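Architecture and fold: a report
Here is what each chain is made of, one letter per residue.
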Amino acid sequence: MFPIWEGVWVHSAMFIAIISAFHVLASHITVAAGWFNLFLERKAVYENRPELYAYLKRSALGLLVFAYVFGAMAGVGIWQSTTAANPRGISALIHNFVLYWGAEWYMFLIDVVGIIAYYYTFGRVSPRTHLKIAWLLALGGTGTLAIIVGILSFKLTPGNWLQSGLSLEGFYNPTFWPQLFMRFFLMFTITGAWALLIASLMPKNFPERERIIRYAAAFGLLGLVLALIVFTTWYYPALPEHARAILFTPAIPSPTFAVIQGGLILTALGLIFALSAPKLQHPLIALGAMGVLFAAIFGAERTREVMRKPDIIHGYMSSNQLVMTDVPAKGIRAEEQPLHERGMMKNLPFLQLPEASSLVGTQPVAREHQLEVGRLLTLQQCSACHSVSPQTSLQIGEKRLELRSLARLLEARNQTTQASIAAYLGAIGGFPYMHPFVGTEAERQAMAAYLAWLVSERRGMEQARR
């Protein structure tokens, strides 16, 4: 077990979600923009339309700065934040997919060197040689996509890996292919908005401006339609029953779906407008489309993460970093039941307190010590998905921003005393998105005592604010 990163003001899970949504936006542009630019460059070469190079060079500069500098920085941010928030989950992925991740980094290297070569060789090599670099860039980006989708989809549907322990079976899991094609098509929608932005920034008298806007809108609309077809006919049916059930529980706030659907509808309308009236296209409209897409991606990525709750790797490791099932092929044993019998505090080094052993026996313990033990247990068992202290809440005017605050949830369910919360914890495994409490009876009482204190503190703060 590793130390726990709860977050400061902003919960660690929300911190990751914000970085990830931006990274997805930037990285998805790089892949589909490679193919869109290749499409235009082929026209420039084979139809003798050299004026297209003005757009291609501006697009390449935008990709170099936005997607490959800021997007790559966000990628580093994902590694840092996810490793801090769930180090054991990341460790499990690295141990299973280190070769694949190494290959992905080589693909990314091709991608980064490719965009630099692509931009700086405009006019310095022959058109056909430059076209070959465009091919290399498009293929490198797609290779990166394919590998990372295998690792991401494994977390939701590890498939036969749970029995065989073979990384190939984990990689080519039940949702690998549908998610790969769904993301690939959706990338063209994001790239459509990106190309609209670049093209609308071109001078009004640029001869290819309107034609490129039409191409971008057509690519974006086609990608959106194909992505929706793949989602409804292939991806959704391939989801495990558990994930489909989670979609209709309070684990996913109802505004999330409104944000996703609204974002897609507004994007489609924006693309249709661009297709039908390219002369009226304005950079602010394209920027608005990018903003709407960011909101939709944020909602979609959060939903994808929540669908596998309460696990970080479905059926194998819970969000609180405990292995809950045997994987005989890899010599891995389930941990929850032994920890339930022997206790968490004595067996997880970063939860150990000097006086923790007194909890296991029959001796009475000081109230302060019990609260501290309860706080540590709540951090370990709940903080991956909930705000479990005032530390991860942010007061903005009358609104308090928290991530599924445990204090608020317990108060809403009228669970406000140690006794009632202890009973509630004993039944918590009945929710489809929750694991049963893990630990001894004394630890459950300590956790209940802390949560009762947390509810009381929240009430006090609310009353003081009024």
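Report follows, based on the coordinates. (Residues numbered from 1 in each chain as written. Predicted model: local features only at pLDDT ≥ 70, side-chain atom pairs only at ≥ 80, totals over all residues. Heavy atoms only, no water.)

**What to know about the overall build of the protein chain**
When helices and strands are tallied, the protein chain shows 17 helices and 6 strands. Here the C-alpha atoms of the protein chain give a radius of gyration of 25 Å, agreeing with the 23 Å that 2.2 N^0.38 yields for 466 residues. The dimensions of the protein chain, computed from C-alpha atoms along their principal axes, are 85 × 55 × 40 Å. For the protein chain, the proportion of its 466 residues judged to be buried stands at 52%. Relative to all contacts within the protein chain whose residues are 6 or more apart in sequence, the contacts with residues 24 or more apart total 73%. Summed over its atoms, the accessible surface of the protein chain is roughly 21,200 Å², and 67% of this surface lies on carbon and sulfur atoms. Computing the positive centroid from 37 side-chain charges and the negative centroid from 27, the protein chain places the two 9 Å apart. (Helix = DSSP H or I, 4+ residues; strand = E, 2+ residues; numbered from the N terminus. Rg over C-alpha atoms; globule rule 2.2 N^0.38 Å. Buried < 20%, exposed > 50% of the residue type's maximum accessible area, 1.4 Å probe, protein only. Contact = heavy atoms within 4.5 Å. Areas by Shrake-Rupley, 256 points an atom, 1.4 Å probe, with all protein chains shown as cover. Lys, Arg positive; Asp, Glu negative; His and termini not counted. Charge placed at Lys NZ, Arg CZ, Asp CG, Glu CD.)

**Concerning the side chain of glutamate 104**
Here glutamate 104 is to be found in helix H3 (residues 87–120). The charged side chain of glutamate 104 is buried without a salt bridge, its nearest counter-charge being arginine 183 at 12 Å. Among all residues touching glutamate 104, those that are not within four sequence positions of it are Thr144, Ile147 and Ile148. (Salt bridge = Lys/Arg side-chain N within 4 Å of Asp/Glu carboxyl O.)

**Some points on the pattern of salt bridges**
Using the criterion set out here, one finds 14 salt bridges in the structure. In this structure, the salt-bridge partner of arginine 333 is aspartate 326, at a minimum N-O distance of 3.9 Å. Overall, the relative accessible area of 63% leaves arginine 333 in the exposed class. Two residues, glutamate 372 and arginine 375, come together in a salt bridge whose shortest N-O distance is 3.0 Å. With glutamate 372 and arginine 375 both in helix H14 (residues 367–382) and 3 residues apart, the pair spans about one turn of that helix. Its relative accessible area of 29% is what places glutamate 372 among the partly exposed residues. Put simply, Lys43, Glu47, Arg49, Glu208 and Arg211 are held in one network by salt bridges that share partners.

**Describing empty space enclosed by the protein**
Applying the stated criterion across every chain yields a total of 2 cavities of 30 Å³ or more. Of the voids in this model, the largest cavity is the one considered here, and its volume is about 110 Å³. Lining of the largest cavity is provided by 13 residues; of these, Ser389, Pro390, Glu402, Leu454 and Arg458 occupy positions nearest its centre. Broken down by element, the lining of the largest cavity gets its largest block of residues, 4 residues, from helix H17 (residues 441–465). Across the lining of the largest cavity, the residue classes break down as 5 nonpolar, 4 polar and 4 charged. As a volume, the second largest cavity reaches approximately 80 Å³. In terms of lining residues, the second largest cavity is bounded by Ile4, Trp5, Ser12, Ala85, Ser319, Asn320, Gln321, Leu379, Gln380, Ser383 and Ala384. (1 Å grid on protein atoms, 1.4 Å probe; cavity = no way out; pocket = protein on both sides within 12 Å on 5 of 7 lines; lining within 4 Å. Points joined across faces, edges and corners; volume = space filled by probe spheres on them. Nonpolar A, V, L, I, M, F, W, Y, C, P; charged D, E, K, R; others polar.)

**Comments concerning helix H16 (residues 418–426)**
If you check which residues of H16 are buried, you get Ile421, Ala422, Tyr424 and Leu425. The arc enclosing the buried residues of H16, seen along the axis, measures out at 160 degrees, which places them on a common side. Turned more than 90 degrees from where H16 packs its buried face, Ala419, Ala423 and Gly426 sit exposed. Elements that come into contact with the buried residues of H16 comprise helix H15 (406–412) and H17. (Arc of directions from axis to C-beta.)

**Overview of the side chain of threonine 121**
Examined against the element boundaries, threonine 121 turns out to sit in the loop between H3 and helix H4 (127–156). Assessed through its relative accessible area of 16%, threonine 121 is described here as buried. Apart from residues lying up to four places away in sequence, threonine 121 is in contact with His130 and Ile133.

**What about a nonpolar patch on the surface?**
Together, Val8, Trp9, Val10, Phe15 and Ile18 give the surface a local cluster of nonpolar side chains, amounting to about 490 Å² of exposed area. With respect to the element layout, valine 8 can be found in strand S1 (residues 7–8). (Patch = residues over 30% accessible without salt bridge, like charges linked within 9 Å, V, L, I, M, F, W, Y side chains within 5 Å.)

**A word on the packing of helix H7 (residues 176–200) against helix H8 (residues 209–238)**
The geometry of H7 relative to H8 is characterised by a closest axis approach of 7 Å and an angle of 160 degrees between their N-to-C directions. Judged on the interaxial angle alone, H8 and H7 are roughly antiparallel. The hand of the H7/H8 crossing is left-handed. Considering only residue class, the contact of H7 with H8 consists of 23 nonpolar, 6 polar and 1 charged. (Axes fitted to C-alpha atoms, helices over the stretch in contact; angles between N-to-C directions. Parallel < 35°, antiparallel > 145°, perpendicular 65-115°, else oblique. Left-handed = near helix turned anticlockwise from the far one by under 90°.)

**Quick word on the nonpolar core**
Among the nonpolar cores identified, the biggest contains 53 residues, and Phe36, Tyr55, Leu63, Ile115, Tyr118 and Ile212 are the most heavily contacted of them. Taken together, the elements giving at least two residues each to this core come down to helix H1 (12–46), helix H2 (52–85), H3, H4, H7, H8, helix H10 (255–276) and helix H11 (283–306). By residue number, the principal contributor to this core is H1, which donates 10 residues. If you look at the next biggest cluster of nonpolar residues, it comprises 40 residues, including Leu93, Phe185, Ile246 and Tyr316. (Core = buried A, V, L, I, M, F, W, Y, C linked by side-chain atoms within 4.5 Å.)

**Observations regarding the packing of aromatic side chains**
Evaluated as defined, the whole model comprises 35 aromatic pairs. Centre to centre, the rings of phenylalanine 181 and phenylalanine 185 are 6.3 Å apart; their planes meet at 40 degrees, and the pair counts as tilted. In this pair, phenylalanine 181 and phenylalanine 185 are both assigned in helix H7, 4 residues apart and thus about one turn of the helix distant. With 6.0 Å between their ring centres and 50 degrees between their planes, phenylalanine 231 and tyrosine 236 make a pair best called tilted. Sitting above the plane of the tyrosine 236 ring, arginine 244 keeps its charged end 5.8 Å from the centroid. (Phe/Tyr/Trp six-rings, centres within 6.5 Å; stacked < 30°, edge-to-face > 60°. Lys NZ or Arg CZ within 6 Å of the ring centre and 35° of its normal.)

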